[in-house]
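# A structural walkthrough
Next come the chains, spelled out residue by residue.
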Protein chains: 2
Amino acid sequence: MGRRPTLHEVANLAGASLASTSRALNGNGASPEMIEKVQAAAKRLGYYPDAAGRSLRMGRTFQVGFAVADIGNPVYVDMMKAIHEVVGPQGYHVVVATTGNDVTSTADVIRALSSGVVDGLVISPLRSNEALAQQMEHAPIPVVVIGRVAEGTTLDSVWADSAAGIGMAVDQLVGAGRRRLLFLNGPLGTTPASRRLQGFDAAVARHGLPLLGMLVADDFTVEAGTRAVDSLLDDGAAERPDAIVAANDLLAIGCIQALRRRHLSVPRDVAVTGMDDTEIAAVFSPSLTSVALGSRERGKAAAELLLRRIGGEQGPAQRVHVAPRLVVRESSGGPA
Amino acid sequence: MGRRPTLHEVANLAGASLASTSRALNGNGASPEMIEKVQAAAKRLGYYPDAAGRSLRMGRTFQVGFAVADIGNPVYVDMMKAIHEVVGPQGYHVVVATTGNDVTSTADVIRALSSGVVDGLVISPLRSNEALAQQMEHAPIPVVVIGRVAEGTTLDSVWADSAAGIGMAVDQLVGAGRRRLLFLNGPLGTTPASRRLQGFDAAVARHGLPLLGMLVADDFTVEAGTRAVDSLLDDGAAERPDAIVAANDLLAIGCIQALRRRHLSVPRDVAVTGMDDTEIAAVFSPSLTSVALGSRERGKAAAELLLRRIGGEQGPAQRVHVAPRLVVRESSGGPA
DNA sequence: CCCTGAGACGGAAACGTTTCCAGCGACCAT
DNA sequence: ATGGTCGCTGGAAACGTTTCCGTCTCAGGG
């Protein structure tokens, strides 16, 4: 754990002033011989500029933040990877932050990161309200939202129409002859949950199908999915659905897990669809029909938007759309 | 995107000096009325201290780094979550960095993060050599390694005995009557790959089993696993194993995928075991026998070690061991 | 009543960097 | 020959914070 050399020491060794040394290293108006002298000195000392000093002076940290509720969710991992891939080559580091499930802790995270920690923020809020929207809009750094934002906001955002996506899943199930569709939702009050429910209700109404009510898991996880479906099957009174549309691949897998325990076959007895088309969907058995929402694309687009704003681009709020795409596999009984 | 107030403005509004204002906010020797005055002013302006200025002055960034080869790997995601949970409450942010597959880019990452970006670094290097070890040892910030380090190094580390873990998997397979065991390894030259191979060879020798050679995937991913096993099965000449020990859950799943395509039943025709006991292992079908290496515990322990070093604890290098644990499930044919 | 010590406060330095600005040659054109 | 321009350099300021140190006040003890 040795000490790091400073620009001062490099300047001394090179026999130049601080100003010239800095210029020589950053390549702004220095003579060739000066550059060589300084580079040599820097190399000999093993000099690398101090991030704190540089941040303070330049007003930039060369870090971007990524804030989500649960970084364990594969969707967010994908986004993070994509963001990393975009900003890394530009010299930026990625700071991850978890917002927790409620709005106030999200607000705290934004504030904490805004105070000179990162130059910009990509955030995918599970829940939102007017105050949070205001805060994001008036944050001292650019903020890009992955998810739905209110009409007329000045925030850049990238979104996928999950409601339409759910509709595609329903269409396919109906096409395959299913009639008693049940929606397995994530925690109510979250933005994804309400959007996806809307999509489901609309699609079911469109097909004139009976409403079987909805199953609500208390989290977007495998375990929560299993618990929810278990409770349904325990409740003997309830009419058994012939298809379950899950709001999430994780929930879908949890659901299949519960069905399997009761020796119900997927897709013969009950068809199941998920959403997000995570990596597991393709290799799962039965392979999982899922609606891809392009997590990688969304992360990439968000990062690109953010970098542009950090770079000073003005213009009106951008709103990037990523189209949902249904990937039909075994769990939904295949194409009609 | 408003501007942020500085301590100066708070001091002005409160009618106090910078020094007193700082003290009042950080709670060091200020009178109650001063504290109140300053707090009020700070709240009115919405003041939060600037991270860059503070870092520069204090010589601490309140950030820790986490560097791994592929942040998409569920093992690393688990570790990251654990690290986050440990350091977050202490006011630290987590910076993720990907080291790439080679040693030199790992070195670059360490250097970049050492220059005042983070106060400490948790790193899990896939490959290593003497130069890299030296660099980590002499880095200007504390470094904790997740993985095996050379005897006598001064680096803190936390490690799981994956060789012994592989041995446990082999024992169980042999106990279940399997005799022709094949090892599906990850990319050679990586530390995990060599350790796990050693464990496999030792266990096979111990049981006096025939050596079927080894299958090498070019990455620790599902796709690479599928490709490797495909190539084995395509090669009609090779004698078919009755069990495959994969170096990794991802490889194991890829392997099962390939077997399934040939209509080979797992575990009837071929038993399969994985390693890491990722979340998917439990819910996969067939559920996957796997050796848990405690990714969460390792991440947690590493973060705690790191915080202690950052706090200035001196003492000799710590070496935390996490015991491997075999979780027997369907894919290996169950217990003998 | 004076001296001492404790407690609170403000001025100023310091952290390491980039960049503004002025100065200084050298060179070219008038 | 002189004025102007250009390229390069060094001094110094600035970013926002914490903390050292000196000063001041006030209370209490001798």
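Our structure's up above, just so we're on the same page.
Computed from a prediction, not measured in an experiment: that's the story for all the values here.

Criteria and cut-off values
Residues numbered from 1 in each chain as written. Chains lettered and ligands numbered in written order. Predicted model: local features only at pLDDT ≥ 70, side-chain atom pairs only at ≥ 80, totals over all residues. Heavy atoms only, no water. Pairing = 2+ DSSP bridges. Helix = DSSP H or I, 4+ residues; strand = E, 2+ residues; numbered from the N terminus. Axes fitted to C-alpha atoms, helices over the stretch in contact; angles between N-to-C directions. Contact = heavy atoms within 4.5 Å. Salt bridge = Lys/Arg side-chain N within 4 Å of Asp/Glu carboxyl O. Buried area = accessible area lost by both parts, 1.4 Å probe. Polar contact = N/O pair within 3.5 Å; in protein donor to acceptor, adjacent residues only side chain to side chain. Nonpolar A, V, L, I, M, F, W, Y, C, P; charged D, E, K, R; others polar. Least-squares fit on C-alpha atoms with pLDDT ≥ 70 in both. Patch = residues over 30% accessible without salt bridge, like charges linked within 9 Å, V, L, I, M, F, W, Y side chains within 5 Å. Areas by Shrake-Rupley, 256 points an atom, 1.4 Å probe, with all protein chains shown as cover. Core = buried A, V, L, I, M, F, W, Y, C linked by side-chain atoms within 4.5 Å. Buried < 20%, exposed > 50% of the residue type's maximum accessible area, 1.4 Å probe, protein only. Near = heavy atom within 4 Å. Parallel < 35°, antiparallel > 145°, perpendicular 65-115°, else oblique. Left-handed = near helix turned anticlockwise from the far one by under 90°.

### Considering the sheet that holds strand β4 (residues 143-146) of chain B
- Here we have 12 strands laid out as an open sheet, ordered β11(A)-β5(A)-β4(A)-β3(A)-β1(A)-β2(A)-β2(B)-β1(B)-β3(B)-β4(B)-β5(B)-β11(B), and mixed in their pairing. The outermost strands of the open sheet, each flanked by one partner alone, are β11 (319-322) of chain A together with β11 (319-322) of chain B. Ignoring which end each strand starts from, the neighbouring axes of this sheet average 20° apart.
- With three bridges joining them, β4(B) and strand β5 (residues 156-160) of chain B adopt parallel strand pairing. Its bridge partner lying in β5(B), B:Val144 is registered against B:Asp156.
- Packed on one face of the sheet, helix α5 (residues 74-87) of chain A meets β1 (63-68), β2 (93-98), β3 (120-123) and β4 (143-146) of chain A together with β2 (93-98) of chain B and runs near 170° to β1(A).
- Lying on the sheet, helix α13 (residues 295-310) of chain A is in contact with β1, β3, β4, β5 (156-160) and β11 of chain A; it crosses β5(A) at an angle near 170°.

### Details of the pattern of salt bridges
- Under the defined criterion, the tally for this structure stands at 32 salt bridges over all chains.
- A salt bridge links A:Asp230 to A:Arg262; the shortest N-O distance between them is 3.3 Å. Taken together, the positions of A:Asp230 in helix α10 (residues 222-234) and A:Arg262 in the loop between α11 (249-261) and β9 (271-275) put the pair 32 residues apart, joining distant regions of the chain.
- When the shortest N-O distance is used, the salt bridge between B:Arg296 and B:Glu85 registers 3.4 Å. Residue B:Arg296 is found in helix α13 (residues 295-310), and its partner B:Glu85 is found in helix α5 (residues 74-87); the two are separated by 211 residues along the sequence.

### Thoughts on the interface of chain A and chain B
- Chain A puts 49 residues into the contact, and the matching count from chain B is 49 residues.
- When chain A packs against chain B, the two sides together hide about 3800 Å² of surface, and 63% of this comes from carbon and sulfur.
- If you look at where chain A meets chain B, you find two salt bridges.
- Taking the shortest distance from any N to any O, the salt bridge between A:Lys81 and B:Asp70 comes out at 3.4 Å.
- Counting across the interface, chain A meets chain B through 15 residue pairs in polar contact (both at pLDDT 80 or more).
- Within the residue set of the side of chain A that touches chain B, elements represented by two or more residues are α4 (51-58), α5, β2, α6 (103-114), α10, α11 and α12 (279-283) of chain A.
- For the side of chain A that touches chain B, the element with the highest residue contribution is β2(A), accounting for six residues.
- Here the side of chain A that touches chain B is built from residues that sort into 26 nonpolar, 14 polar and nine charged.
- Here β2(A) runs beside β2(B); their pairing, made up of three bridges, is antiparallel. Residue pairing in the sheet places A:Val94 in a bridge with B:Val96 of β2(B).

### Here's the deal with the relation of the copies chain A and chain B
- Take chain A, turn it by 180°, move it 0.0 Å along the axis, and it overlays chain B with an RMSD of 0.1 Å. In symmetry terms, the pair is related by a two-fold rotation axis. Every residue of chain A has its C-alpha some distance from the rotation axis, and the shortest such distance is that of A:Val95, at 2.2 Å.
- Take the interface residues of chain A: 100% of them recur as interface residues in chain B, which is what a same-surface contact looks like.

### A closer look at a nonpolar patch on the surface
- Residues A:Leu188, A:Met214 and A:Val216 make up a contiguous nonpolar surface patch of about 230 Å² in total accessible area.
- Structurally, A:Val216 can be placed in strand β7 (residues 214-216).

### Concerning the nonpolar core
- Within the largest apolar cluster, 155 residues are counted, with the highest numbers of intra-cluster contacts made by A:Phe66, A:Leu184, B:Phe66 and B:Leu184.
- In contact with B:Phe66, not counting residues within four places along its chain, are B:Ile71, B:Tyr76, B:Met79, B:Met80, B:Ile83, B:Val94, B:Val95, B:Val96, B:Ala97, B:Leu121 and B:Val122.
- A:Val95, A:Val118, A:Val149 and B:Ile110 belong to the second-largest nonpolar core, a separate cluster that totals 42 residues.

### Observations regarding the protein's contact with DNA strand D
- Of all residues adjacent to DNA strand D, which total 24 residues, the nearest are A:Ser20, A:Ser31, B:Leu7, B:Tyr47 and B:Arg57.
- Counting only the atoms of DNA strand D that lie within 4 Å of the protein, the sugar and phosphate share comes to 58%.
- Within the side chain of B:Tyr47, a nitrogen or oxygen atom sits 2.4 Å from a phosphate oxygen of DNA strand D.
- At a separation of 2.4 Å, a base oxygen of DNA strand D approaches a polar side-chain atom of B:Arg57.
- Elements represented by at least two residues in the surface near DNA strand D include exactly α2 (18-26) and α4 of chain A together with α2 (18-26) and α4 (51-58) of chain B.
- Per-element tally for the surface near DNA strand D: the top contributor is α2(B), with five residues.
- For the surface near DNA strand D, the per-class residue count stands at 10 nonpolar, eight polar and six charged.

### Focus: the packing of helix α1 (residues 7-14) of chain B against helix α3 (residues 32-45) of chain B
All names here are of chain B.
- Where α1 meets α3, the axes come as close as 9 Å, and the angle between the chain directions of the two elements is 125°. As the angle between them shows, α1 and α3 are arranged oblique. Our pair here, α1 against α3, has a crossing hand that is right-handed. Counting all contacts with α1, which are made through Glu9, Val10, Leu13 and Ala14, the residues of α3 involved are Lys37, Val38, Ala41, Ala42, Arg44 and Leu45.
- Residues of the contact of α1 with α3, tallied by class, amount to seven nonpolar, no polar and three charged.

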